[in-house]
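An overview of the molecular structure
Chain by chain, the residues run as shown.
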Amino acid sequence: MRELENVARTMVGNLHQSYLYRVLTEWYEQDTIQIREDLGIGSYSETVTNPADLYEKVRKHILTKAFQDDETIEFLMNIPQWVGFRVDVDSIDTGEQAIQAARQSALALIWVMLIPRVIIDHIVLPEDFENQGVDIIVESFLQSDESRKQLDTIMSLELDRRGVGTGFFNISDIVMGYEIDDMMKIERLRVLFVLIIMKATELPFDLDSVFPLDEAALINETEAYIITMHAQKALNNGIKGNSSNRPFAWPLVGTARVFAGIINTLHVMKKYSARMSTCSLFSNTIEGQTQPWTESEFILFMLNEIADYYTELLRSRFGKGKNEELNVFIDFLKGEDIEITSRVMETSDKSGSLHEELSECKRRARIGEKPQISPERRFKVVISTLKQSLEDAQSSEISSEEIVDQIATLFDAISDLIRKYQDSLGSEVDKFTEELCFETSFRILDLLGLGVYLGDLPWITRFIAEESTMIDISSGAITELRNSQRIKRIISAFAGAVSFLVLQMR
């Protein structure tokens, strides 16, 4: 009890930092008549015939005032139904009851979105996040109706001490106006809280993977999401700094001490993100097995975050004259991040090594040296650019010719990559080339929603390879089929096949 009271005191003390808290206080002061007037409803009698529609209308009205993006609002509107709840039309007989129930449900939902963000004080170091009572709050949310009511009581008392008034905090009302079969209620209510908290962290999650988890796993998963969110926020703050200390304000490139703090934050992210079984952000899938990021992958992630910060600085200088030195420095960070990470991982003093690496990049940028981009890095950059373009193609008008040009660039990068490792691959070079081209082709088609045509890829590829070979022989461009040309023919055939499918289906 004492620990829960201490955590409640911290959360209430942090409420002033949240925009959502201001929204809550405004709605707490509004009664059903004011809400009815906001919605332009002349009287309750206008809604008696269909109070369930009014219930959803009021929920959306309140949530729209609290959240700016449509995707979040849609998620919060639909999540009760997704987990199995339905509007309890039998308990909502009048318009006033519908408005009151919707108001209480929406305010409880906003509280659930708010709490994960204020559990940890902003002055707490990342290595101390796990000692801030996150597990206590998560257990209060998920264990039982009694644990939630206890949290309601303690938070209400703490808010009352601050002069807010009792009854303001009531997460138990989150399903007011909803019903579900009694046998499913305990389990589904727990899932409902978990999914809303996950949404509050802004980390991605696989909704279907949440349902099979038992109580202990859900508590563990939810705690990991909250701490990882705060660690990621601490990483961003460590890079951006504050009004009095901006360690990466160009031409500054951090210090060994700054990087020591950042590495500590990465360790927290690594520890807790590895516990998240429903999040794909900090893991890789290899041969069907999910593997958490290694330390080197987190350092690579951090370097990309720093590069993005410098890119934003460069963008903010638009109209103030070019800064070619900073532009080249960013190219070094993005173009040689794999090599930088590899060297840092070989040292015992990673924070000092990171500072030295960025300082060296700044020196090379200053003297006008250009980054040496490896074939691996070029392939990674090109496929990342193509991935973004293909995702944009789903929602905007991007020409087929532009997509084909980027596909050609990507397969050119594959040529460079194969050429680098051709000797070490030996007799396996053909097989490796075909597998890499097929995997790349699959990713392109899948991103464009053309995965169903993957079965057509082999015969189209074979047809293009045979036709191009016959044309080259007929024209005298080649007189014999040499092995040295085979790799080029494989890559060109796949590039042509993917381009053909993209043009045909678009």
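Here, the structure is the one placed above.
Residues numbered from 1 in each chain as written. Predicted model: local features only at pLDDT ≥ 70, side-chain atom pairs only at ≥ 80, totals over all residues. Heavy atoms only, no water.

Structural notes on the overall build of the protein chain
Summing up its helical and strand segments, the protein chain has 21 helices and 4 strands in all. Burial analysis of the protein chain (506 residues in total) assigns 47% to the buried set. Of the contacts formed within the protein chain by residues at least 6 apart in sequence, a portion of 74% connects residues at least 24 apart. (Helix = DSSP H or I, 4+ residues; strand = E, 2+ residues; numbered from the N terminus. Buried < 20%, exposed > 50% of the residue type's maximum accessible area, 1.4 Å probe, protein only. Contact = heavy atoms within 4.5 Å.)

Remarks on the pattern of salt bridges
Under the definition given, this model contains 21 salt bridges. When the shortest N-O distance is used, the salt bridge between Glu158 and Arg162 registers 3.6 Å. Exposure remark for Arg162: the relative accessible area of 45% places this residue in the partly exposed category. When the shortest N-O distance is used, the salt bridge between Glu312 and Arg315 registers 2.6 Å. In this pair, Glu312 and Arg315 are both assigned in helix 13 (residues 295-316), 3 residues apart and thus about one turn of the helix distant. Each of Arg9, Glu158, Arg161 and Arg162 takes part in a single network of salt bridges with overlapping partners. (Salt bridge = Lys/Arg side-chain N within 4 Å of Asp/Glu carboxyl O.)

Some remarks on the packing of aromatic side chains
Two aromatic rings, taken as a pair, are described by how far apart their centres are and by the angle between their planes. Summed over the entire model, instances satisfying the criterion amount to 20 aromatic pairs. Between Phe248 and Phe259, the aromatic rings sit 5.6 Å apart at their centres with planes inclined by 75 degrees, giving edge-to-face as the arrangement. One end of the pair, Phe248, is in the loop between helix 11 (215-240) and helix 12 (256-273); the other, Phe259, is in helix 12, with 11 residues separating them in the sequence. For the pair Phe248 and Phe259, one class covers both residues: buried. Three or more aromatic residues joined by ring pairs make a cluster, and in this case those are Phe248, Trp250, Phe259, Tyr309, Tyr310 and Phe329. The ring of Phe75 carries the charged tip of Lys199 above its face, separated from the ring centre by 5.1 Å. (Phe/Tyr/Trp six-rings, centres within 6.5 Å; stacked < 30°, edge-to-face > 60°. Lys NZ or Arg CZ within 6 Å of the ring centre and 35° of its normal.)

Regarding helix 18 (residues 400-425)
Taking 1.5 Å of rise per residue, the 26 residues of helix 18 would be expected to cover 38 Å, and the 35 Å separating its terminal C-alpha atoms lies within 8% of that figure. The sharpest bend along helix 18 measures roughly 35 degrees and falls at Arg419. Listed in full, the buried residues belonging to helix 18 are Ser400, Ile403, Val404, Gln406, Ile407, Leu410, Phe411, Ala413, Ile414, Ser415, Leu417 and Ile418. Looking one or two residues beyond helix 18, the residue adopting positive phi is Gly426, at roughly 60 degrees. (Expected span 1.5 Å × (residues − 1). Bend = angle between axes of the 7 residues up to and from the residue.)

Focus on the environment of Val344
Along the chain, the position of Val344 falls in helix 15 (residues 337-345). As for Val344 and His355, which are separated by 11 residues in sequence, their C-alpha atoms are 9.9 Å apart. Setting aside residues up to four positions removed in sequence, Val344 forms contacts with Ile299, Lys350, Ser353, Leu354 and Glu357.

Some points on the environment of Val12
When you line up the elements, Val12 lands in helix 1 (residues 2-14). Residue classification places Val12 among the buried positions, given a relative accessible area of 7%. Along the backbone, Val12 and Met155 are 143 residues apart, and their C-alpha atoms lie at a distance of 7.7 Å. Not counting residues up to four positions away in its chain, the partners in contact with Val12 are Met155, Glu158, Leu159 and Arg162.

Examining the packing of helix 13 against helix 15
Viewed as axis vectors pointing N to C, helix 13 and helix 15 meet at an angle of 130 degrees, and their least axial separation amounts to 9 Å. Considering their axes alone, helix 13 and helix 15 lie oblique with respect to each other. When the axes of helix 13 and helix 15 are compared, the crossing they make is right-handed. Touching Glu295, Ser296, Ile299, Leu300, Leu303 and Asn304 of helix 13 are Asp337, Ile338, Ile340, Thr341, Val344 and Met345, all from helix 15. (Axes fitted to C-alpha atoms, helices over the stretch in contact; angles between N-to-C directions. Parallel < 35°, antiparallel > 145°, perpendicular 65-115°, else oblique. Left-handed = near helix turned anticlockwise from the far one by under 90°.)

Observations concerning a negative patch on the surface
Taken together, Asp69, Asp70, Glu74 and Glu202 make up a surface patch of like negative charges. The topology assignment puts Glu202 in the loop between helix 9 (182-201) and helix 10 (207-210). Under the relative-accessibility criterion, Glu202 is labelled exposed at 66%. (Patch = residues over 30% accessible without salt bridge, like charges linked within 9 Å, V, L, I, M, F, W, Y side chains within 5 Å. Areas by Shrake-Rupley, 256 points an atom, 1.4 Å probe, with all protein chains shown as cover. Lys, Arg positive; Asp, Glu negative; His and termini not counted. Charge placed at Lys NZ, Arg CZ, Asp CG, Glu CD.)

A word on the side chain of His230
Within the secondary structure, His230 sits in helix 11. Exposure remark for His230: the relative accessible area of 7% places this residue in the buried category. With residues up to four places along the chain from it excluded, the contact list for His230 reads Pro116, Arg117, Ile120 and Phe129.

With respect to the side chain of Thr440
Within the secondary structure layout, Thr440 lies in helix 19 (residues 429-447). Among the residues examined, Thr440 registers a relative accessible area of 2% and is labelled buried. Apart from residues lying up to four places away in sequence, Thr440 is in contact with Phe379, Ile383, Leu410, Phe411 and Ile414.

Points about unusual backbone geometry
In this model, Trp250 is joined to Pro251 through a cis peptide bond whose omega is 15 degrees. Tracing the sequence through the fold places Pro251 in the loop between helix 11 and helix 12. Despite not being glycine, Glu202 has its phi angle at roughly 65 degrees, a positive value.

Quick notes on the packing of helix 12 against helix 16 (residues 350-366)
Relative to each other, helix 12 and helix 16 sit at 125 degrees, their axes nearing to 8 Å. The angle between helix 12 and helix 16 places the two elements in the oblique class. Between helix 12 and helix 16 lies a crossing of right-handed hand. Together, Ala256, Phe259, Ala260 and Ile263 of helix 12 and Lys350, Ser351, Gly352, Leu354, His355 and Leu358 of helix 16 make up the contact between the two elements. In terms of residue class, the contact of helix 12 with helix 16 is built from 6 nonpolar, 3 polar and 1 charged. (Nonpolar A, V, L, I, M, F, W, Y, C, P; charged D, E, K, R; others polar.)

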